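# Observations on the model geometry
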Amino acid sequence: MNTSGTAGPGQGLRLLPFRGLRYVPERVGSLAAVTSPPYDVVVRPDGLHHLESADPHNIVRLILPQADTAAARHTQAAETLNRWLAEGILAPDPEPTLYVYEQRNAGILQRGIVGALALSAPADGIVLPHEDVMAHVVEDRANLMRTTAAHLEPLLLTYRSEGHPTGATAVIERTIHRTPLLATTTEDGYSHRLWGVTHPADRAEIVADLANHQALIADGHHRWATYLRLQQEHTAPGPWDFGLVLLVDTARYPLRVRAIHRLLHRLPVADALAALNGLFRIRDIEGPLSQALDAHAEAAAEGNAFLLAGDGGFHLVDRPDVDLLSRTIPADRPTAWQTLDATVLHAALLDHVWQIPDAPEHIAYIHDTAAVVEQAERHNATAVLMHPVREEIVRDLARQGVTMPRKSTSFGPKPATGLVLRSLTLD
């Protein structure tokens, strides 16, 4: 596997234009009202209902359709997509296009290129995963993509240039001075702009530059695994050999890395703490949540630390027993992997101490800190609040071919879903 961060000529990223499906502004209430966060961020029923009520054509009706069975949900999504196309709610762009996408709020500016990326196996060292995936999620996403014959939301991939305004970056920074195809501001305060890149010289500059790079999957491991699975089902060369992605050069536009928290449905906090007695240092921490998170960050700077909540209080769990770690953490991995909070949580706590299976009926993965605490308190469950991993650790492990425990990181900002879709029947 190539570990340098660059690829030889013709051995790196291969990005192609495609005819994007986009909402027709005159047919919807507003572009902001039809967008959504990625499917795995919309975890709360009230969040789903809020999006559904924002506009009858909100994209959540495609990425998270509601019906009694999985098959019915996927069929409903396909029927909805076909109806929106027939009614002119969504329409394809007239020619294959690469897209420059910008997200901005008061403190963050992110720009990248949206296109159809040639799929490659992890062993090829071109697109590097860094997390394991859950089979049932891949199965669900595969059934949805197969039934709709569409990629409904782009993955977020990152690469690192030398930091100079050349190649794809140069095209991006020229393109943003033109009139965008769309501009909107979503309720989270982010402004979004999308431009089409159709000039052959601009597209050639992007393609030539990206061919020299490898990429890290920042967000979308399950969808990438789904792309690869569906590619295997379609043996003839064609549109299933490519996947919808957003590529961001983090040398120019650094991402934030946040944690993804765990909600242990069937474990009350009192039972969780009792099982940890003698194996970790346990301290009650004063609230509010922001103050408890500060204490968590301070402890995490010194070693493994978790913040437990769900009983109305906050409990800082750190300084794990050395013998516990030696018994439970696999020794055949790099030290950086062995000392990850997610590794200690899954190998030592979930598997050994609490003996909780990593299955949906036992564990939920929730991005929003306040939401996971609120759900734990409502259902007498335990929220395990995690501390984020630095991007350089993630990238270094990925280049070694070492995957982190699933849902170890949350890179962002994530692209809004609904700004551009890819139909696999148009390519």
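Above this text sits the structure in question.
Analysis parameters
- Residues numbered from 1 in each chain as written.
- Predicted model: local features only at pLDDT ≥ 70, side-chain atom pairs only at ≥ 80, totals over all residues.
- Heavy atoms only, no water.
- Helix = DSSP H or I, 4+ residues; strand = E, 2+ residues; numbered from the N terminus.
- Rg over C-alpha atoms; globule rule 2.2 N^0.38 Å.
- Buried < 20%, exposed > 50% of the residue type's maximum accessible area, 1.4 Å probe, protein only.
- Contact = heavy atoms within 4.5 Å.
- Areas by Shrake-Rupley, 256 points an atom, 1.4 Å probe, with all protein chains shown as cover.
- Lys, Arg positive; Asp, Glu negative; His and termini not counted.
- Charge placed at Lys NZ, Arg CZ, Asp CG, Glu CD.
- Pairing = 2+ DSSP bridges.
- Expected span 1.5 Å × (residues − 1).
- Arc of directions from axis to C-beta.
- Salt bridge = Lys/Arg side-chain N within 4 Å of Asp/Glu carboxyl O.
- Phe/Tyr/Trp six-rings, centres within 6.5 Å; stacked < 30°, edge-to-face > 60°.
- Lys NZ or Arg CZ within 6 Å of the ring centre and 35° of its normal.
- Core = buried A, V, L, I, M, F, W, Y, C linked by side-chain atoms within 4.5 Å.

### With respect to the overall build of the protein chain
A tally of regular secondary structure across the protein chain gives 15 helices and 21 strands. In terms of overall size, the protein chain behaves like a compact globule, its C-alpha atoms giving a radius of gyration of 22 Å where 427 residues would be expected to give roughly 22 Å. When the backbone C-alpha atoms are referred to their principal axes, the protein chain occupies close to 65 × 50 × 45 Å. Burial statistics for the protein chain: of 427 residues in total, 55% are counted as buried. Taking all contacts inside the protein chain whose residues are at least 6 apart in sequence as the whole, residues at least 24 apart take part in 80%. Entry remark: accessible area of the protein chain is about 17600 Å², with carbon and sulfur atoms responsible for 51%. The protein chain carries 37 positive and 50 negative side-chain charges, and their two centres are separated by 4 Å.

### Things to note about the pairing of strand β14 (residues 261-264)
Looking along a regular strand, one sees the side chains alternate between the two faces of the sheet. Of the two faces of β14, the one carrying His-261 and Leu-263 and the one carrying Arg-262 and Leu-264 are both buried. Judged from the four bridges that link them, β14 and strand β18 (residues 363-366) form a sheet pairing that is antiparallel. The residue of β18 that forms the bridge with Leu-264 is Ile-363. Alignment of β14 against strand β19 (residues 382-385), held across three bridges, turns out to be antiparallel. Bridge pairing in β19 places Leu-263 opposite Ala-383.

### Comments concerning helix α5 (residues 135-148)
In a regular helix each residue adds 1.5 Å, so 14 residues correspond to 20 Å; α5 covers 20 Å between its end C-alpha atoms and thus fits that length. Buried within α5 we find Val-137, Val-138, Arg-141, Ala-142, Leu-144, Met-145 and Thr-148. The buried residues of α5 occupy an angular sector of 165° when projected down its axis, which confines them to one face. Next to the buried residues of α5 lie α3 (60-63), α4 (70-87), β7 (150-151) and α8 (221-233). Looking one or two residues past α5, Ala-149 carries a phi angle of roughly 50°, positive in sign.

### Details of the pattern of salt bridges
Taken as a whole and judged by the stated rule, the model has 19 salt bridges. Between Arg-283 and Asp-318 there is a salt bridge, and its shortest N-O distance comes to 3.2 Å. You can see Arg-283 sitting in strand β15 (residues 281-285) and its partner Asp-318 sitting in strand β17 (residues 314-318), a full 35 residues away along the chain. Overall, Arg-283 belongs to the partly exposed group, its relative accessible area being 32%.

### Let's talk about the packing of aromatic side chains
In the structure shown here, the tally under the stated rule is four aromatic pairs. With centroids separated by 6.2 Å and ring planes inclined at 50°, the aromatic side chains of Tyr-23 and Trp-84 adopt a geometry described as tilted. In this pair, Tyr-23 is assigned in strand β2 (residues 20-23) and Trp-84 in helix α4, connecting sequence segments 61 residues apart. Accessibility classification places Tyr-23 together with Trp-84 in one group, the buried group. Judged by centre distance (6.5 Å) and plane angle (65°), the rings of Phe-280 and Phe-306 are edge-to-face. With a gap of 26 residues between them, Phe-280 in the loop between α9 (269-276) and β15 and Phe-306 in strand β16 (residues 305-309) connect regions that are remote in the sequence. On the basis of relative accessible area, Phe-306 is assigned to the buried category, the value being 1%. Its end group placed over the ring of Trp-337, Arg-333 keeps NZ or CZ at 4.5 Å from the ring centre.

### Let's talk about the nonpolar core
Soluble globular proteins tend to bury their nonpolar side chains together. Within the largest apolar cluster, 114 residues are counted, with the highest numbers of intra-cluster contacts made by Tyr-23, Trp-224, Leu-247, Phe-306, Leu-308 and Trp-354. For this core, the element with the most residues is helix α13 (residues 341-353), which contributes eight residues. Beyond its immediate sequence surroundings of up to four residues, Leu-247 is in contact with Leu-13, Leu-15, Gly-112, Ile-113, Leu-157, Tyr-159, Leu-210 and Ala-215.

### So, unusual backbone geometry
A cis amide bond links Gly-287 with the next residue in sequence, Pro-288, at an omega value of 10°. Along the polypeptide, Pro-288 turns up in the loop between β15 and α10 (289-300). Of the consecutive residues Gly-412 and Pro-413, the connecting peptide bond is found in the cis state with omega at 5°. Within the secondary structure, Pro-413 is located in the loop between β20 (410-412) and β21 (421-423). Non-glycine residue Arg-319 carries a positive phi angle of around 50°. Looking at the secondary structure, you find Arg-319 in the loop between β17 and α11 (322-328). Residue Gln-355 is not a glycine yet carries a positive backbone phi of 55°. Here Gln-355 is to be found in the loop between α13 and β18.

Spatial relationships are all this shows, so hold off on functional conclusions.
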